[in-house]
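Letter by letter, the chains look like this.
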Amino acid sequence: MSIQMVDLKGQYLKISNEINDSIQEVIDSTAFINGPKVKEFAQNLEAYVGVKHVIPCANGTDALQVAFMALDLNPGDEVIVPCFTYVATAEVIALLGLVPILVDVDPKTFQIDTRAFESAITDKTKAVVPVHLFGQCADMETILSISNQHNIYVVEDTAQAIGAHYTLGSETRGAGTMGHFGTTSFFPSKNLGCYGDGGAIFTNDDALAEKARMICNHGQKKKYHHSVVGVNSRLDTIQAAVLDVKLKYLDEYNAARQKVAEVYDAAFANHPALEIPFRDIKSTHVFHQYTLKINGLDRDHLKQHLADNGIPSMVYYPVPLNRQEAYKRVGNFPITDDLCTRVLSLPMSTELTINQQQKVIETLLNFA
Ligand SMILES: *Cc1c(COP(=O)(O)O)cnc(C)c1O
């Protein structure tokens, strides 16, 4: 088997009977839209992440969009986002006529820099989006405290960190359950991925949950009575059927990722050119990505050397938001600009064998 960044086929083969039965059940029922599996999965996910409401929707970008629609913001209101993230985070803000305000990230954790966040707050700031990048939570304690003080909403983008836990005061909280909203994606390669598109919104607030549910359903609570402007954003029943099976394995999958990370850590620790992922003691890390910071070596040559030896690797993200045509901003984002030239994500799969991993490590160390 060749080495892959993620191995969705291998993962499927281990649970294929359960998955096939679950999908077949939906086909037999023909309840393709809003079938009973959708509700069942949402309830199981509520229990798993520890949140009062899970509202399934069509994808992680919609989850963000619906969350922002439910917050009742006005055009021109500002929303603070890290510039080292996937585009979806800023995209929905701009789409809704809100203004994404980009801030730099922390060089060690890659998460939103809380001091940059605080200094970016103005009278127009209405919300902040901590993105729990690569599988570890942002500094939620500081973010929640600053947000409380300034009365701004917190929408956690937890597309990469489902199943991570954060120590907030004396409590342990699931990623995505600490802000007004949490949003997640079930894109196939995410830690909990379906076999197509899918997403969900989390909230502990009953009123916000009702609003978000309505918005996902054309702004209606009662059929053909549309009280707010909504969208059509649903999780297909077949995807819910896949997710409900895979949710039972999520802890196992995340543990497999952590094990892969530990082997990489041990191999690269103390190497002068390779900086292993920083572990925040307040957060568990579910390693959506295992991302090295390359010091004093040509990252792109290293990537080519790996590719020449049959080893895939990825750069998340090669072009930050502050350098995107659609979002570029005047301002200084030195940490993000630097990270984009130095980060390298290695194969991180629930199915990666130790032999495959040794090959990745050997090949990388041959270059470094
Ligand atoms: C994947 C991802 C999204 C978007 O999810 P889709 O389901 O692809 O729309 C949003 N934010 C982050 C940080 C992501 O990684």
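What counts, and at which threshold
Residues numbered from 1 in each chain as written. Predicted model: local features only at pLDDT ≥ 70, side-chain atom pairs only at ≥ 80, totals over all residues. Heavy atoms only, no water. Helix = DSSP H or I, 4+ residues; strand = E, 2+ residues; numbered from the N terminus. Rg over C-alpha atoms; globule rule 2.2 N^0.38 Å. Buried < 20%, exposed > 50% of the residue type's maximum accessible area, 1.4 Å probe, protein only. Contact = heavy atoms within 4.5 Å. Areas by Shrake-Rupley, 256 points an atom, 1.4 Å probe, with all protein chains shown as cover. Phe/Tyr/Trp six-rings, centres within 6.5 Å; stacked < 30°, edge-to-face > 60°. Near = heavy atom within 4 Å. Polar contact = N/O pair within 3.5 Å; in protein donor to acceptor, adjacent residues only side chain to side chain. Domains from an automatic or database assignment. Buried area = accessible area lost by both parts, 1.4 Å probe. Salt bridge = Lys/Arg side-chain N within 4 Å of Asp/Glu carboxyl O. Expected span 1.5 Å × (residues − 1). Arc of directions from axis to C-beta.

Moving on to the overall build of the protein. From N to C terminus, the protein includes 13 helices and 14 strands. Computed over C-alpha atoms, the radius of gyration of the protein comes to 20 Å, within 12% of the 21 Å expected from 2.2 N^0.38 for 368 residues, which places it in the range of a compact globule. Principal-axis analysis of the C-alpha atoms gives the protein an extent of 65 × 55 × 45 Å. Scored against the burial criterion, the 368 residues of the protein give a buried share of 55%. When contacts within the protein are restricted to residue pairs at least 6 apart in sequence, those whose partners lie at least 24 apart make up 73%. With the model as given, the accessible surface of the protein reaches about 16000 Å², and the carbon-plus-sulfur share is 51%.

Turning to the packing of aromatic side chains, a few remarks are in order. Under the counting rule described, the total for this entry stands at twelve aromatic pairs. Plain terms: the ring middles of phenylalanine 110 and phenylalanine 134 are 5.8 Å apart, the flat faces sit at 85 degrees to each other, and that makes the pair edge-to-face. Separated by 24 residues along the polypeptide, phenylalanine 110 in the loop between β3 (99–103) and α6 (114–120) and phenylalanine 134 in the loop between β4 (125–128) and α7 (140–150) bring together distant segments of the chain. Phenylalanine 134 carries the same exposure label as phenylalanine 110, and that label is buried. Cluster of aromatic residues (ring-pair linked, three or more members): Phe84, Tyr86, Phe110, Phe134, Tyr316 and Tyr317.

Here we come to the site of the ligand. Neighbouring the ligand are the residues Asn59, Gly60, Thr61, Tyr86, Ala88, Val131, Asp157, Ala159, Gln160, Ser185 and Lys190. Take aspartate 157: an N or O atom from its side chain is 2.7 Å from a nitrogen atom of the ligand. Serine 185 is positioned with one of its side-chain polar atoms (N or O) 2.7 Å from an oxygen atom of the ligand. Relative to its unbound accessible surface of 380 Å², the ligand loses 92% to contact with the protein.

Turning our attention to the domain arrangement of the protein. Domain assignment breaks the protein into domain 1 (15–247) and domain 2 (250–367). If you average the C-alpha positions of domain 1 and of domain 2, the two centres end up 25 Å apart. Contacts between domain 1 and domain 2 engage 43 residues on the former and 33 residues on the latter. Three residues stand out in domain 1 for area buried against domain 2, namely Phe134, Gln136 and Asn191, and they jointly supply 21% of the buried area on that side. Applying the counting rule to domain 1 against domain 2 returns one salt bridge. Among the ionic pairs, lysine 282 bridges to glutamate 141, the shortest N-O distance being 3.7 Å.

As a further point, take helix α13 (residues 354–367). The first and last C-alpha atoms of α13 sit 20 Å apart over 14 residues, in line with the 20 Å expected at 1.5 Å per residue. If you check which residues of α13 are buried, you get Gln356, Gln357, Val360, Ile361, Thr363 and Leu364. One side of α13 holds all its buried residues, which, seen down the axis, span an arc of 165 degrees. In α13, the exposed positions that point more than 90 degrees away from the buried face belong to Asn355, Glu362 and Asn366. As for α13, its buried residues are in contact with α10 (250–268), β12 (274–275), β13 (290–294), α11 (299–308) and β14 (343–346).

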